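Residue strings, one per chain:
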Amino acid sequence: MVSPRDPPPSRHADDPGTDTTPVKELIQSLAKLRKALRIYLPNNEVIDRLQTEVTHRLSRYFQSHPSLPLGVSPSELMLGPEVVYNQPDRDDSLAFCLYREGVRSIIFYPGVEHREIFDFLALLNLDMLSADRVEDDVVTLLWERDFENIDYMVIEELASVAAAKQPLREMLDAPHLETARTAGEAIEFDPVEMTPPVAIPVNTVTFTDDEIEKLRTEIEVEDQDILLSGIFDVLLELVFREMGSEEGRRLSETVVRMLEALYENGQFRHLAALLKRLHELSSGPFSSSPSINRLARDAGTMFSSREKIAQLTGILNLRYHGGLNDVIAYLTTLPQLAAPHLIAILPDVVHLSYRRVICEAVARIGKEHLREIGGKLDDPRPYVVRDAVYILGRIDDPGAIEFLAKTLRHHNREIRMESVGALSRYRGQNVEQLLLQMLLDQDVDVRTAALRNIVAMGSTRVVDSLISFIESEDFGAKDLTEKRRFFIALAKLAGALLVPYFGEVLARKRFFYRTKESEIKQCAVAALSSVGNDQAKAILKEAAAAQTGIVREKAIEALRTLGMRDEEIG
């Protein structure tokens, strides 16, 4: 059924770059409000707060969109092709509540108010199986309510039931389902004769104590966020209205004190949300206000200052035990000028997890401060150097390679391991050469990490260098496992191109390291098995016939692995 007013073109989930997070949050707020209406009286403060949250989110959405059209399936609500709500539990699903009544899409328009949202959700909460509801259905009540700023599309048979009270059996026996226009679409009326909207029937639902407590917990878990966000928006609105006045300055000071209190109490999730909101308003609806812009700049400067960042050390070491995501959410709201101060406090943060969170933040906001980060590589404390290496690997700036090359020669094994991993996040011939040098490291784990990262980079430029390693006299001193890794690395990098070389190794009669001849040939067999093409199988079959001892056994085993039968092997 076509809506009485078709939604004008707008950006939806199928448009590139559209963030559907605000819509997902809005739908979750609607779902929470529907639950709250089932256990609280309409005048309860929880209802009032949730209604305010819903209308606030709708208002923000309509600042850049002319309508909110949602498709309805049994467990999901969709904005275009994007799922913005998913609840498979039908007893608890807002989507299924709409779907079972025949609603296949719903559209909200600017101007939707508390009363309409309240009535709409109250209708969805009605228990249609109760004795006093047997003559009602939700589609009928939706039509009678005649919402001004909420449209919906229903399946034709369910719409006809709403108008004519069609028996349920007839509806289920309908040969097909088609869409039709909403009942009452083109009705004209005289405003003088218009009757008030139909009253929403009262519905009583019985819950167990556990169910009530569960619903209450779900609803109230974000009450503090809602309350803080509401207060913050009101304060900023007042600052906007009173800009330039003494009262405006006092209100700005109140905003700053509110943010500082959250900071000092380690309420980083709330602080991050409010700082983000301040940035949105200062660059959006309140961009014309010098007071709001100054407030946003002052907040950024204050929380990025040396003093504030130093204070963070004590909060994280002594008092804070919140989620790591909350801390990173806050730190990444800070401007670039905070990066040097964050780098400075790293040695004093006790907990590794918080140090890594600070490293992540510096990697995101500190690209302009490579020198300060690189300066930490000379610190005598290994954990400080490792943190700096970690940042250099995450900062996504080729300038970091120069500093990482220095740490590849560090006396501490763990730092060299960290450096190899950090370096592998970059690409280029100079990186490949640095990793090749690490194949000469004194520690086998460092050499293994370097070889794995060389293979992961997938460049064939290193093939000749790896063959040179294999042909060197020192290679014979390595254990069989490490030798095998080199051959498998070659097979992964060059594959079929190196089958003749592996065959030549198998046929070779003399090596620099005769005592290890059998091991080298076993490695060649493993490389051929890894390639596994027809040419590799043919060489392995020759080896099974010509070689002796364990090399012959390995060749036969490889052929069996590649699917050849014993009679084919010979």
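Everything numeric here is computed off the predicted structure, so don't read it as measured data. (Residues numbered from 1 in each chain as written. Predicted model: local features only at pLDDT ≥ 70, side-chain atom pairs only at ≥ 80, totals over all residues. Heavy atoms only, no water.)

J.: Could you clarify how one ought to interpret the nonpolar core in this entry?
T.: The nonpolar side chains of a soluble globular protein tend to be buried, and buried together. Membership of the largest hydrophobic core comes to 119 residues, with the highest contact counts inside it found for Tyr330, Leu331 and Phe487. Among the elements that make up this core, the one with the highest residue count is helix α16 (residues 352-365) (8 residues). Each residue touching phenylalanine 487, except ones within four places of it in the same chain, is listed here: Ile470, Phe475, Phe502, Val505, Ile520, Cys523, Ala524 and Ala527. (Core = buried A, V, L, I, M, F, W, Y, C linked by side-chain atoms within 4.5 Å. Buried < 20%, exposed > 50% of the residue type's maximum accessible area, 1.4 Å probe, protein only. Helix = DSSP H or I, 4+ residues; strand = E, 2+ residues; numbered from the N terminus. Contact = heavy atoms within 4.5 Å.)

J.: When you look at helix α11 (residues 268-282) in this model, what are you seeing that I'm missing?
T.: Given 3.6 residues per helical turn, the α-helix brings residues three or four places apart onto the same face. In this model, α11 (15 residues) spans 21 Å end to end at C-alpha, consistent with the 21 Å of a helix rising 1.5 Å per residue. Within the span of α11, buried status applies to Phe268, His270, Leu271, Ala272, Leu274, Leu275, Arg277, Leu278, Leu281 and Ser282. (Expected span 1.5 Å × (residues − 1).)

J.: Please explain the confidence of the model for the chain as it appears in this structure.
T.: Mean pLDDT for the chain: 79, with 78% of residues reaching 70 or above. Counting contacts from residues 1-17, a segment whose pLDDT is below 50, to residues more than four positions away or on other chains yields 50 contacts. This stretch, residues 200-206, has a pLDDT under 50; its non-local contacts, to residues over four places away or in other chains, come to 14 contacts. (pLDDT = per-residue confidence, 0-100.)

J.: Explain the side chain of aspartate 233 to me, please; I cannot follow it from the model alone.
T.: Along the chain, aspartate 233 turns up in helix α9 (residues 223-241). The class for aspartate 233 is buried, based on a relative accessible area of 15%. Once residues lying within four places of it in the same chain are set aside, the contact partners of aspartate 233 are His56, Arg277 and Leu281.

J.: Is there a simple way to think about the pairing of strand β4 (residues 103-108) in this case?
T.: For β4, the tally of buried residues reaches 5 of 6 residues, placing the bulk of the element in the interior. Where β4 and strand β5 (residues 150-154) come together, 5 bridges link them in antiparallel fashion. Residue pairing across strands places valine 103 opposite valine 154, the latter belonging to β5. (Pairing = 2+ DSSP bridges.)

J.: Could you clarify how one ought to interpret the packing of helix α2 (residues 45-62) against helix α4 (residues 114-124) in this entry?
T.: Each packed pair of helices is defined by two parameters, the angle between the axes and the distance between the axes. Where α2 contacts α4, the axes come no closer than 10 Å and their chain directions differ by 110°. Of the possible angle classes, the one that applies to α2 and α4 is roughly perpendicular. The chirality of how α2 crosses α4 is right-handed. Side by side, α2 and α4 meet where Ile47, Gln51, Thr52, Val54, Thr55 and Leu58 of the first sit next to His114, Ile117 and Phe118 of the second. A class-by-class count of the residues in the contact of α2 with α4 yields 5 nonpolar, 4 polar and no charged. (Axes fitted to C-alpha atoms, helices over the stretch in contact; angles between N-to-C directions. Parallel < 35°, antiparallel > 145°, perpendicular 65-115°, else oblique. Left-handed = near helix turned anticlockwise from the far one by under 90°. Nonpolar A, V, L, I, M, F, W, Y, C, P; charged D, E, K, R; others polar.)

J.: How should I be thinking about the environment of leucine 493 in this particular structure?
T.: Tracing the backbone shows leucine 493 in helix α24 (residues 480-494). Apart from residues lying up to four places away in sequence, leucine 493 is in contact with Ile454, Val455, Gly458, Ser459, Thr460, Val462, Val463 and Leu466.

J.: How do you make sense of the pattern of salt bridges when you look at a structure like this?
T.: Where side chains of opposite charge bring their charged atoms close, a pairing between them can arise. Considering all chains together, one arrives at 32 salt bridges under this definition. Salt-bridge contacts for arginine 416 lead to aspartate 441; the nearest nitrogen and oxygen are separated by 2.8 Å. Within this pair, whereas arginine 416 is found in helix α20 (residues 413-423), its partner aspartate 441 is found in the loop between α21 (429-437) and α22 (444-457), the two being separated by 25 residues in sequence. Measuring nitrogen to oxygen at the nearest pair gives 3.1 Å for the salt bridge that ties glutamate 567 to arginine 565. Beyond isolated ion pairs, a larger network of salt bridges with shared partners links Arg355, Arg356, Arg386, Asp387 and Glu418. (Salt bridge = Lys/Arg side-chain N within 4 Å of Asp/Glu carboxyl O.)

J.: Would you mind showing me how to read the sheet that holds β4 here?
T.: Through backbone hydrogen bonds, the strands of a sheet pair up, either in parallel or in antiparallel fashion. Here 5 strands make up an open sheet; going across it, the order is β3-β2-β1-β4-β5 and the pairing antiparallel. In this open sheet, the two edge strands, each paired with only one partner strand, are β3 (82-86) and β5. Neighbour to neighbour, the strand axes of the sheet diverge by 25° on average, direction disregarded. Packing of helix α1 (residues 21-39) onto the sheet brings it into contact with β1 (68-72), β2 (76-79), β3 and β4, and relative to β3 it is tilted by some 25°.

J.: Would you mind showing me how to read the packing of aromatic side chains here?
T.: Working definition: an aromatic ring pair is given by the centre-to-centre distance plus the angle between the planes. Counting across every chain of the model gives 12 aromatic pairs. Note on phenylalanine 487 and phenylalanine 502: the rings are 6.1 Å apart at their centroids and 45° apart in plane angle, and the pair reads as tilted. In this pair, phenylalanine 487 sits in helix α24 while phenylalanine 502 sits in helix α25 (residues 499-507), placing the two residues 15 residues apart along the sequence. For the pair shown, phenylalanine 487 and phenylalanine 502 are each scored as buried. Linked through ring pairs, Tyr263, Phe268, Phe303 and Tyr330 together constitute an aromatic cluster. Its end group placed over the ring of tyrosine 99, arginine 104 keeps NZ or CZ at 3.6 Å from the ring centre. Taking the ring centre of tyrosine 390 as reference, the NZ or CZ of arginine 356 above it sits at 4.1 Å. (Phe/Tyr/Trp six-rings, centres within 6.5 Å; stacked < 30°, edge-to-face > 60°. Lys NZ or Arg CZ within 6 Å of the ring centre and 35° of its normal.)

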